[in-house]
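Survey of secondary and tertiary structure
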Amino acid sequence: MPEPAKKSVSAFVKKPKTLEVAVGEKAVFEAETEKKETKVKWQRDGADITASDKYVITADGNKHSLTVCSVTKEDDVVYSVIAGSSKVKFELKVKEQQEKTENVTTVPTEGEVSKPEGHEDEVPADRQQANVRQDLIGLFLEKPQSSEVTVGENITFSAKVATETLLKKPTVKWFKGKWMDLSSKAGKHLQLKETFDRNTKVYTFEMQIIGAKPNYAGAYRCEVATKDKFDSCNFDLIVHEARAPEGVDIRTAFRRTSCDGTDEAGELDFSALLKKRDAAAVSSEPDIDVWEILRNAPASAYEKIAFQYGITDLRGMLKRLKRMKKEEKKGTAFLKKLDPAYQVDKGHKIKLMVEVANPNADVKWLKNGQEIQMSGSKYIFENVGNKKILTINHCSLADDAAYQCVIGDEKCFTELFVKEPPVLIIHALEDQMVMKGERVEFECEVSEEGAQVKWEKDGVELTREETFKYRFKKDGKKHYLIINDVTKEDCGHYRVKTNGGESVAELLVQEKQLEVYQNIADLTVKAKDQAVFKCEVSDENVKGVWYKNGVEVKASERIQITHIGRIHKLTIDDVKPEDEGDYTFVPEGYAFNLSAKLNFLEVKIDYVPRQDPPKIHLDCVGHTPETTIVVVAGNKLRLDVPITGDPAPTVVWTKANTGLTRTLKTDDPADLDIVADLLKDGQVISNKDGRVHVETFKDHCVFTIEGAERQDEGLYTVVVKNPAGEDKADINVKVVDVPDPPEAPRILSLGEDWCNIEWDPPAFNGGQPVLGYVLERKKKKGYRWMRLNFDLHKELTYEAKRMIEGVAYEMRIYAVNAIGMSHPSPASQPFIPIAPPGEPMNLTVDDITDTTINLKWRPPEHIGAAGLDGYIVEYCKEGSNEWVLAFKDPVDKNSVTVRDLPTGEKLQFRVCAVNIAGPSAPVTLNQAVTVREIAQRPKIWMPRSLRQTLIKKVGETINLVIPFQGKPRPKVTWTKDGQPLDPKQVSVRHSDSDTILFIRRAERKDSGQYEVVLQIENMEDKATIAIQIIDKPGPPLNLKVTDIWGFNVALEWKPPKDNGNCEITGYNVQKADKKTMEWFTVFEHYRRTHCVVSDLIMGNEYVFRVFTMNLCGPSEQPCTSKDSAYIQKTGIVYKPPSYKEHDFSEVPKFTHPLVNRSVISGYNVTLSCAVRGTPKPKVTWYKNKMDISNDPKYRMFSKQGVLTLEIRKPSPFDGGMYICRAVNEHGEAEVECKLEVRAPQ
């Protein structure tokens, strides 16, 4: 059979790496092949290298090395190693002697992601290229690798993409988690760069994280895409906590930074001092986008911003900022433009809106440069005043594009991003076990049709290849992974991923081993009888050939060869002596055969005189009178017993040693054949008819059991009698069968991905010893059973491995003996492989008193699928191993207070996490703790808001919370102006960590200096709080009119007696005409106590009033002037000017036209326009030039020149041309529009 096409894989297990050495040293390149017999060849610049003093080549099994001795500058070239069809390129970099480093290989700097081992330009030998070549299964030449960094340090991730086979420049996006696009986060702590090498045509994309923080840790993803290709790579970032500073070197702060890398130029960088000043403190302030601050700041503020935010390379940032800024041409057409980008969920609708200066301007909407035309309900254009709206309904991925709004020569742009909802996996993958060379098909069902899924094998993404090893198929919501001609290398875990979940299944490939369920048996037949050789194998598709004495048997009229399912038969009718021989069945494709022998029985009966006693000739068929015949249950048992005797004897078959003889009487016994009966327990079972029967012939008797069963097993006795005597023989028949199925297996123990099971042997072994057991498992919700062992398992316990944590499984057992395999046992109880969680982390003592200890810790790093049920807290005396539970039940929180501890005792504490699988390993304190409270000096932590005078209004509530510290609990004392507080007016409450002063309704007498004192023995701390209760002020005093002249009046007053316990902020001055007494404000918050009121009306008499203002507002009562002020008339007579009356007549003119509309039937619609004209014109509406003024379906409105036509619940028949005509005595005007009424979809 031809071998299936194999996937092209590397012949190297370990590949040589690029080295950097100094002149005069030696360089050693090492490689390791997968197979020991693989031949390896080394090359230098494409030329083969032979062993010499310069080059030392060694080979030890599958390990190979090349040593370059006494390296010179001429050795700085490209080398390669070739094994089979794989070729790996690497370089030798030579540096000067003074740059000699301690290590030969280059060490990546701190925070830099090193290149993965063996990633240097590996290409098959038949497709070698001089330049860097793109990987066959993706776009990446070099993928970003997972790395670690310390808080405050920098790190760079890089990805390389070859473009020699690409038509356009690739687009690269960096993501954190699943959806967070990092391109919008570039700024102070994140920079994205890209470079292009024209020689190698390779793009290098870098993501640099500056000053890493703990929340930067997590999973990242890099995506590269072109017009027709896509690739992605996942990597992780681990951020470690910062180490304690070991000291500050002030000289490092005086280094200079410059663009060219020299130390003589640039600016002084003091960031080293700033970083180490408080390395342990972690800022809780939100991140600030320095790029946005620089973009909006004036040039004179750049230096100040650089100093404030620690920018050391200000020049470089300003250069990049200059490139980022775009000089936008100021236009007048748009009052409000489109936002830079919009995002909408798939299937939803979105509105793009602009505001324009001219409502009548023609607006065009473009998508990817093509004008959008009105078509159905996909796009809806709306005009609302000066707003132009484009509505996109039922957004799909095709709507993810660039949109433009164009008015004349001016444009505004936006990007619309259509976000797909998370795709969930509805039907998970199933584990499979197949034979080598078969076809495998993994199937899953997702929640969305046409969704994108990604297939992986053991964490490596699968793609289509030239060999068509893997094929991917979509059928609606179902996705298939098809593997043709599987091999042992295809074993592993296959995973399908969507953006909303994943599913994993295991594939096991078994070498084809043909099992023989029934072997062919030796036959002994007589002349003209039928001989049938039958065998059964495990594979029904296997064909075979029959041989006789080494010569192939051909089918004929007398010889028939059949193959039905797993059963192969060779049938020979009318057996002849020449048919005797050795018969062999050879399965095609397997190196073994099945053999049996055909014996030809020739019965010769010599002449005997009459009255010959009967004789049973069992010895002629190779049996003794007492022999055991084994038959497989379900098979046919046929015993041919030759018998002689004269006269013809009577034959009786009995079972269990019981039987009766029936003698036949005849006048001429010589003319009778043999007569036989079959009896059991004295009763005749059958004769010629039924499943067990006896057939008689002239010279022999045939005993037959059709489809042997277990109850047919026993001792059979054949007795022959005639007048000359009798003979008998015992035949022991043993029926063997497959064993009974075992009972349901029992689950003994469980782990993260394993379980131990136990079962009992079957109740009946089928008459043959049990050779072993076969085990199968399946997922509880699945339907496919997968075999776990290829070889028979001898024991009654088994450890099943390679299961998925958190997934429910079932197990079943088969028993196997020499006959075959039993039916499966009942399935075990469903079980879920789970493991205890990891141990808690960072157990510390948070607080301690004479009888209590407060502990806190962090959750475990690994919790697992079983979740976390709580934590068990225990303690014991130092030096003892008797741990005592601190709490009866597990606790849920990550901090507890253990109470009622013996004072002065030295105790050790430990905590372990627990779930349904059991407790984790405990985490213990570094050292024992003495239960004794540590004295702490009293300290008041005054809130910032109380460090200045607290101002409250009368009637408001005062609630002051003053936190403090001190151990043991300090004594707290409150006083006001040196006197104790009035408990009827002021309430005070104390706790272990704060004190509260509460006044339900403040009064002015509550103002004063409040002092709180903390005292612990002879230590104390105090703080003073100033409280000011304010009220509305009183009215001013003695308001009077001091002078009147022209249209002016001078007023004067005195400040109020009561200022409301706060500063007067001003006065409100009001006037009133004595005729109406309506008050009007003249001045608000006027600061002086005198003013001049102007612009009074002559001939009127005025009175005035003044309100006092403070922080509480105006006084409740004003101060009103006792005297009024009369403004005298001056006697001036008004003479109106003469003018010519203006003619206001005007021809009708529409100032706002009708606009074409497209609406959905069933919803009211209005058509609006505006008209002017003098005298007022008469308005008439027409539809398709027919007057509709009297049609009740339409309503017409006219208000202030705005004309509106309302169409009630239009139908498609109402569509057409609508005309509005305005007529007066000076002329007429009309406007028209087109109305399209669409049927709802």
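As the structure is a prediction and not an experimental result, all values here were calculated from the model. (Residues numbered from 1 in each chain as written. Predicted model: local features only at pLDDT ≥ 70, side-chain atom pairs only at ≥ 80, totals over all residues. Heavy atoms only, no water.)

Once that is clear, we can look at the pairing of strand β14 (residues 171-176). Of the strand pairs in this sheet, β14 and strand β18 (residues 218-225) are connected by six bridges, and their pairing is antiparallel. Bridge pairing in β18 places K176 opposite Y220. Of the pairings in the sheet, the one linking β14 to strand β15 (residues 180-181) comprises two bridges and is antiparallel in character. Of the residues in β15, the one forming a bridge with K176 is M180. (Pairing = 2+ DSSP bridges. Helix = DSSP H or I, 4+ residues; strand = E, 2+ residues; numbered from the N terminus.)

Strand order in the open sheet made by the three strands is β65-β66-β69, with antiparallel pairing throughout. Edge positions in the sheet fall to β65 (841-848) and β69 (895-898), since each of these pairs with one other strand and no more. If you compare each strand with its neighbour and ignore which way they point, the axes differ by 20° on average. Taken together, the five bridges between β65 and strand β66 (residues 853-858) define a ladder with antiparallel strand orientation. Residue pairing in the sheet places D847 in a bridge with N854 of β66. (Axes fitted to C-alpha atoms, helices over the stretch in contact; angles between N-to-C directions.)

With that out of the way, let us pick up the packing of aromatic side chains. Enumeration according to the criterion identifies 21 aromatic pairs in this entry. Between W42 and F90, the aromatic rings sit 6.3 Å apart at their centres with planes inclined by 80°, giving edge-to-face as the arrangement. Separated by 48 residues along the polypeptide, W42 in strand β4 (residues 40-44) and F90 in strand β9 (residues 86-95) bring together distant segments of the chain. F90 gets classed as buried once you look at its relative accessible area, which sits at 2%. Each ring, one from W546 and one from F585, has its centre 5.0 Å from the other, and the planes form 50°; the classification is tilted. Of this pair, W546 sits in strand β43 (residues 544-548) while F585 is found in strand β47 (residues 581-587), placing the two residues 39 residues apart along the sequence. Under the relative-accessibility criterion, W546 is labelled buried at 2%. Cluster of aromatic residues (ring-pair linked, three or more members): F29, W42, Y79 and F90. When the ring centre of F1213 is taken as origin, the NZ or CZ atom of K1183, which lies over that ring, is 4.4 Å away. (Phe/Tyr/Trp six-rings, centres within 6.5 Å; stacked < 30°, edge-to-face > 60°. Buried < 20%, exposed > 50% of the residue type's maximum accessible area, 1.4 Å probe, protein only. Lys NZ or Arg CZ within 6 Å of the ring centre and 35° of its normal.)

A separate point is the environment of Q191. Residue position: Q191 is located in strand β16 (residues 190-197). The spacing of Q191 and I209 is 18 residues in sequence and 6.7 Å in space, taken between C-alpha atoms.

Burial analysis of strand β7 (residues 63-68) places five of its six residues in the buried class, the great majority of the element. Pairing of strand β3 (residues 27-33) with β7, which is carried by six bridges, proceeds in the antiparallel orientation. Each bridged residue has a counterpart across the sheet, and for F29 the counterpart in β7 is L66. Where strand β6 (residues 55-60) lies against β7, six bridges are found, and the strand directions are antiparallel.

A word on the pattern of salt bridges. Evaluation of the coordinates by the stated rule reveals 39 salt bridges. Close ionic contact of K554 with E552 constitutes a salt bridge, the shortest N to O distance being 3.3 Å. Here E552 falls in the partly exposed class, since its relative accessible area comes to 37%. Across the pair K856 and D846 runs a salt bridge, and its minimum N-O distance is 3.7 Å. Note that K856 is positioned in strand β66 and D846 in strand β65, a separation of 10 residues in sequence. Salt bridges here are not isolated pairs; linked through shared partners, they connect R44, K54 and D75. (Salt bridge = Lys/Arg side-chain N within 4 Å of Asp/Glu carboxyl O.)

All right, on to the sheet that holds strand β61 (residues 770-779) then. The antiparallel open sheet is built from three strands, whose spatial order is β62-β61-β64. Edge positions in the sheet fall to β62 (786-787) and β64 (809-817), since each of these pairs with one other strand and no more.

Before going further, it helps to examine the confidence of the model for the protein. In this model, the protein carries an average pLDDT of 81, and 85% of its residues clear a pLDDT of 70 or more. Contacts for the low-pLDDT stretch residues 620-625, under 50 throughout, to residues beyond four places or in other chains number nine contacts. (pLDDT = per-residue confidence, 0-100. Contact = heavy atoms within 4.5 Å.)

Here we come to the nonpolar core. By size, the foremost hydrophobic cluster in this structure holds 25 residues, and its most contacted members are F157, W174, M207, I209, Y220 and L237. Contributing elements (two or more residues each) for this core: β13 (155-162), β14, β17 (202-209), β18 and β19 (230-240). In this view, I209 contacts E153, N154, I155, F157, H189, L190, Y216, Y220 and L237; residues no more than four positions away in its chain are not counted. Counting residues in each nonpolar core, the second largest holds 24 residues, with A633, L637, C701 and A729 among its members. (Core = buried A, V, L, I, M, F, W, Y, C linked by side-chain atoms within 4.5 Å.)

Right, let's talk about the environment of G218 for a bit. When you line up the elements, G218 lands in strand β18. Exposure remark for G218: the relative accessible area of 27% places this residue in the partly exposed category. Considered as a pair, G218 and D236 are 18 residues apart in the sequence and their alpha carbons are 5.8 Å apart. Residues contacting G218, with those up to four places away along its chain left out, are F235, D236 and L237.

A word on unusual backbone geometry. Only a minority of non-glycine residues have a phi that is not negative, and only a minority of peptide bonds are not trans. Here K967 and P968 are connected by a cis peptide whose omega angle stands at -5°. Positionally, P968 belongs in the loop between β76 (958-967) and β77 (971-976). Following T1174, the chain continues to P1175 via a peptide bond in cis, the omega torsion being -5°. Examined against the element boundaries, P1175 turns out to sit in the loop between β94 (1165-1174) and β95 (1178-1183). Backbone geometry at R802 places phi at a positive 60°, although glycine is not the residue there. Along the chain, the position of R802 falls in the loop between β63 (797-800) and β64.

Our focus in this paragraph is the state of the cysteines. Counting across every chain of the model gives zero disulfides. Here C1062 is not cross-linked by a disulfide; its sulfur's nearest cysteine counterpart is in C1112, at 5.7 Å. Residue classification places C1062 among the buried positions, given a relative accessible area of 7%. (Disulfide = S-S within 2.5 Å.)

Following the sequence through the fold, G1173 ends up in strand β94. Taking the C-alpha atoms as reference, G1173 lies 9.4 Å from G1227; in sequence the two are 54 residues apart. The residues touching G1173, leaving out its near neighbours within four places in the chain, are E1146, V1147, P1148 and N1224.

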